[in-house]
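Letter by letter, the chains look like this.
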Amino acid sequence: MPPAEGRVRDLIEAALCDPDPDGPLRWHVISVLSRRSDLESFIEARRLCAADSVAERLLGVDIMGMLQPFVDRTLPVLRYLAASEDDAMVLYSVLIAFGHLADPRSLPSVIELAGHDDARVRYGAAYALQHVLGDPPDRAGLKTLHTLAADSDKDVAGWASLGVTLRSAR
């Protein structure tokens, strides 16, 4: 049974018990914390982002990507992780978080990660780019999106092509 709205730490502990990064319990907790969008949720997510375990960092990033009211505090944490993280899944989640937050200040980090060796990371970059290009769209960001549209991984290329198409339709 999913945890009810309760103490943030209790919710986080429940989410960490779900071994599946896409698990329903984990995402229920993230949804609850997103609806709360309070300082306590942000502080706990930031604490998780500095944890030694990948599972905790992953959860922290996924929560942060849903805390739009804290975007000014979230972006520096996510940009730090984008520059220092070694785990591909955490990097992927950082990029998805950038896309959810849709803030052009994350664009340099997204462009940097678009050239990553791991296709999951490039896929995250393809997703994020279309949301962080700005208006008018940044030329370097558009060029990166076009480059990803020709990626050797068909999922990366497909998502980037969708982004190019959506951007062209504006």
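This section reports on the structure supplied with the text. (Residues numbered from 1 in each chain as written. Predicted model: local features only at pLDDT ≥ 70, side-chain atom pairs only at ≥ 80, totals over all residues. Heavy atoms only, no water.)

## Remarks on helix α8 (residues 119-132)
In an α-helix, one turn spans 3.6 residues; hence positions three or four apart end up facing the same way. Taking 1.5 Å per residue, 14 residues should reach 20 Å; α8 reaches 20 Å between its end C-alpha atoms and fits that length. For α8, the tally of buried residues reaches 10 of 14 residues, placing the bulk of the element in the interior. For α8, every residue scored as buried is listed here: Val121, Arg122, Gly124, Ala125, Ala126, Tyr127, Ala128, Leu129, Gln130 and Val132. Those residues of α8 that are buried are in contact with α6 (88-101), α7 (107-113), α9 (139-149) and α10 (154-168). Among the residues trailing α8, Gly134 stands out with phi positive, at a value near 85 degrees. (Helix = DSSP H or I, 4+ residues; strand = E, 2+ residues; numbered from the N terminus. Expected span 1.5 Å × (residues − 1). Buried < 20%, exposed > 50% of the residue type's maximum accessible area, 1.4 Å probe, protein only. Contact = heavy atoms within 4.5 Å.)

## Examining the packing of α6 against α8
One way to put it is that α6 packs onto α8 with a least axis distance of 7 Å and a crossing angle of 10 degrees. When the axis of α6 is compared with that of α8, the two are roughly parallel. The residues of α8 that touch α6, namely those facing Ala88, Met89, Leu91, Tyr92, Leu95, Ile96, Phe98, Gly99 and His100, are Arg120, Val121, Tyr123, Gly124, Ala125, Tyr127, Ala128, His131 and Val132. Looking at side-chain class alone, the contact of α6 with α8 contains 13 nonpolar, 4 polar and 1 charged residues. (Axes fitted to C-alpha atoms, helices over the stretch in contact; angles between N-to-C directions. Parallel < 35°, antiparallel > 145°, perpendicular 65-115°, else oblique. Nonpolar A, V, L, I, M, F, W, Y, C, P; charged D, E, K, R; others polar.)

## Section: the layout of surface pockets
The space that makes up the largest pocket amounts to roughly 240 Å³. Taken together, 13 residues make up the lining of the largest pocket; nearest its centre are Asp22, Trp27, Asp62, Tyr92 and Ser93. Counting residues per element, the ones that place at least two in the lining of the largest pocket are α2 (24-36), α4 (54-64) and α6. Among the elements that take part in the lining of the largest pocket, α6 stands out by supplying 6 residues, more than any other. Looking at side-chain class alone, the lining of the largest pocket contains 8 nonpolar, 2 polar and 3 charged residues. (1 Å grid on protein atoms, 1.4 Å probe; cavity = no way out; pocket = protein on both sides within 12 Å on 5 of 7 lines; lining within 4 Å. Points joined across faces, edges and corners; volume = space filled by probe spheres on them.)

## As for the nonpolar core
Counting 49 residues, the largest nonpolar core has Ile63 and Phe98 as the members making the most contacts within it. Per element, the largest residue contribution to this core is 8 residues, and it comes from α6. (Core = buried A, V, L, I, M, F, W, Y, C linked by side-chain atoms within 4.5 Å.)

## Section: α6
End to end, α6 covers 20 Å across 14 residues, agreeing with the expected 20 Å (1.5 Å per residue, within 8%). Restricting attention to buried positions, one finds in α6 the residues Ala88, Val90, Leu91, Ser93, Val94, Leu95, Ile96, Ala97, Phe98, Gly99 and Leu101. Looking at the buried positions of α6, the neighbouring elements they touch are α4, α5 (71-84), α7 and α8. Its side-chain oxygen placed 3.0 Å from the backbone nitrogen of Met89, Asp87 serves as the N-cap of α6. Backbone geometry just downstream of α6 places Ala102 in the positive-phi region, at approximately 50 degrees. (Polar contact = N/O pair within 3.5 Å; in protein donor to acceptor, adjacent residues only side chain to side chain.)

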